[in-house]
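Summary of structural features
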Amino acid sequence: MQSHFIINDTPLSLYRYPISQSNRSLQAWDAADEYMLSYLEEQNLLNDDSNILVFNDSFGALSLNLLDWSTTVVSDSWVAHQGISENLTQNSLDAPKLTIADSLNPLPKATSIVLYKIPKSKALLTEQLIKIKETLQGNVTFIAAARAKDIHSSTLKVFEKYLGTTTTSLAVKKARLVFCQLDNQQQHSSPFPTIWPLENTNFHISNHANVFSREKLDLGARFFMEHLPKLHEDQTVIDLGCGNGVIGLTALSRQPKANITFVDESFMAIASAKENIEKNLPNGISQCQFTVNDCLSSFEANTADIVLCNPPFHQEQATTDHIAWQMLNDAHRVLKKGGELRMIGNRNLAYHIKLKRIFGGCKTIASNKKFVVLSARK
Ligand SMILES: C[S@@+](CC[C@H](N)C(=O)[O-])C[C@H]1O[C@@H](n2cnc3c(N)ncnc32)[C@H](O)[C@@H]1O
């Protein structure tokens, strides 16, 4: 059990989500969360009228400590939304003043304090800062935080450019705070979604800020698209970890009578996948579903003919293979008997070992210097 003590001296038990993930040594909060909360208390920044806007809180370390105030927590991650809800439940906490919002919702205008956990993705940082500046004016206290080693001079320039005057704190336990005034007069419009043409097709792929391979086709996805299984009419196909949906889009273009479900844990990814089918294959939209989920945790067993997957290998800053494990285990559970998981991975990740454990074996469909495409049947 991982406990956390903070501003009002209330001990909280915080877990990473999903609870079953194998690397239990990873903590559900970091020194940047602690620093931001203790700074709020030391500087006496909260009063009865405070309206707090929290960004990118992974598992509730910030928001669970701010339940006495009107607080909105914004995250693009469905896993983070679940983590916050689960940790509320685990701690038997009621949260009538807490709103959990996704990254595509408008921001609440009545905000007095922004607590901003700096995300790994510079694109998401840019998008969120532009939106903050567009929505909030005047007397807003803005405090960002991250591990000191993740705050580069280029990061501070982004804050200067999109918000205004930026200063930093001393490092405490290897974390640092960033303070901004929203005083930059220049308005910036968002460069997102980015749009690129998909080679050898008439398709254009649109990508919200937090979407994988935002600028161009991923090399792995390109190789995977050359080695997708041949689909039959009416087959039920899942594009697992769909990102912008390029894999499912390609599958649907080759078999217009397939039913495709696009699944990702990023709200922006699911929004992009939907836009990409609507714009590129509008006649196919009625055969498609778009679902935010943690792998296939909400899917029924024995329901899919094919799962297509280009798995991730990190969760925010943490490099871990628990998502790949969960994706492959979920795929096995959700596939019908005889159904196929077709996946791609970097050669050095040795997914065939996991597939052997879960499916009892697998077949190599293709490989090159970097990638291998594998097929496993239930
Ligand atoms: C390597 S990218 C592949 C994206 C896209 N399929 C492609 O090939 O370009 C992996 C995707 O998995 C998603 N992902 C990460 N963790 C997830 C989870 N727990 N459940 C569902 N999707 C997840 C990421 O958001 C990302 O879009």
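Per an unreviewed UniProt entry, the chain carries the name Ribosomal RNA large subunit methyltransferase G and comes from Thalassotalea eurytherma. Reading the Catalytic activity (unreviewed entry) entry of the UniProt record for the chain gives the comment "guanosine(1835) in 23S rRNA + S-adenosyl-L-methionine = N(2)-methylguanosine(1835) in 23S rRNA + S-adenosyl-L-homocysteine + H(+)". The UniProt entry for the chain carries this comment under Sequence similarities (unreviewed entry): "Belongs to the methyltransferase superfamily. RlmG family."

A few points about the sheet that holds strand 5 (residues 98–101)
Strands sit in the order 5-4-3-6-7-9-8 across an open sheet of seven strands; the sheet is mixed. Each edge of the sheet is formed by a strand with only one pairing partner; in this case those strands are strand 5 and strand 8 (166–168). Strand-to-strand twist in this sheet, taken as the mean axis angle between neighbours without regard to direction, amounts to 20 degrees. Sheet topology places strand 3 (residues 51–55) next to strand 6 (residues 113–117); four bridges connect them, and they run parallel. Following the sheet pairing, Ile52 is matched in strand 6 by Ile113. Across the sheet, helix 2 (residues 78–90) touches strand 4 (70–74) and strand 5, and the angle it forms with strand 5 is around 155 degrees.

Side note on the site of the ligand
In the vicinity of the ligand there are 19 residues, among which Gly241, Asp264, Asp294, Cys295 and Asn310 approach most closely. At 3.3 Å, a backbone N or O of Glu265 approaches a nitrogen atom of the ligand. Here the ligand has 600 Å² of accessible area as a free molecule, and 91% of this is covered by the chains. For the shell around the ligand, the secondary structure elements donating two or more residues are helix 6 (246–254) and helix 8 (322–334). Its residues placed into classes, the shell around the ligand shows 11 nonpolar, five polar and three charged.

Description of the pattern of salt bridges
This model, assessed by the stated rule, comprises 10 salt bridges. Here Arg147 ties to Asp150 by a salt bridge, and the two come within 2.8 Å at their closest N and O atoms. Residue Arg147 is classed as partly exposed on the basis of its relative accessible area, which comes to 33%. Among the salt bridges present, the one from Arg214 reaches Glu215, with a minimum N-O distance of 4.0 Å.

Examining the domain arrangement of the chain
For interface size, the figure often reported is the accessible area lost on association. On domain assignment, one finds that the chain holds domain 1 (3–180) and domain 2 (194–377). Relative placement of domain 1 and domain 2: their C-alpha centres are 31 Å apart. Each partner contributes to the interface: domain 1 provides 23 residues, whereas domain 2 provides 19 residues. Each partner contributes to the roughly 1900 Å² buried at the junction of domain 1 and domain 2, and carbon and sulfur atoms together form 58% of this total. Looking at the side of domain 1 facing domain 2, the largest losses of area belong to Asp76, Trp78 and Lys120, adding up to 33% of the total buried there. Where domain 1 meets domain 2, there are seven residue pairs in polar contact (both at pLDDT 80 or more). Listing elements by their share of the side of domain 1 that touches domain 2, those giving two or more residues are helix 2 and helix 3 (122–135).

Some details on the nonpolar core
By size, the foremost hydrophobic cluster in this structure holds 34 residues, and its most contacted members are Leu40, Leu66, Leu115, Ile143 and Leu177. Of all the secondary structure elements, the ones that give two or more residues to this core are helix 1 (31–42), strand 3, helix 2, strand 6, strand 7 (141–147) and strand 9 (175–180). When residues in this core are grouped by element, the largest group, six residues, is from helix 1. Not counting residues within four places of it along the chain, the set of residues in contact with Ile143 comprises Met36, Tyr39, Leu40, Leu45, Val114, Leu115, Tyr116, Leu177, Val178 and Phe179. Counting residues in hydrophobic clusters, the runner-up holds 33 residues, among them Leu198, Ile277, Leu308 and Phe371.

Criteria and thresholds
Residues numbered from 1 in each chain as written. Predicted model: local features only at pLDDT ≥ 70, side-chain atom pairs only at ≥ 80, totals over all residues. Heavy atoms only, no water. UniProt positions renumbered as here; feature names shortened; annotations may be inferred. Pairing = 2+ DSSP bridges. Helix = DSSP H or I, 4+ residues; strand = E, 2+ residues; numbered from the N terminus. Axes fitted to C-alpha atoms, helices over the stretch in contact; angles between N-to-C directions. Contact = heavy atoms within 4.5 Å. Near = heavy atom within 4 Å. Polar contact = N/O pair within 3.5 Å; in protein donor to acceptor, adjacent residues only side chain to side chain. Areas by Shrake-Rupley, 256 points an atom, 1.4 Å probe, with all protein chains shown as cover. Nonpolar A, V, L, I, M, F, W, Y, C, P; charged D, E, K, R; others polar. Salt bridge = Lys/Arg side-chain N within 4 Å of Asp/Glu carboxyl O. Buried < 20%, exposed > 50% of the residue type's maximum accessible area, 1.4 Å probe, protein only. Domains from an automatic or database assignment. Buried area = accessible area lost by both parts, 1.4 Å probe. Core = buried A, V, L, I, M, F, W, Y, C linked by side-chain atoms within 4.5 Å.

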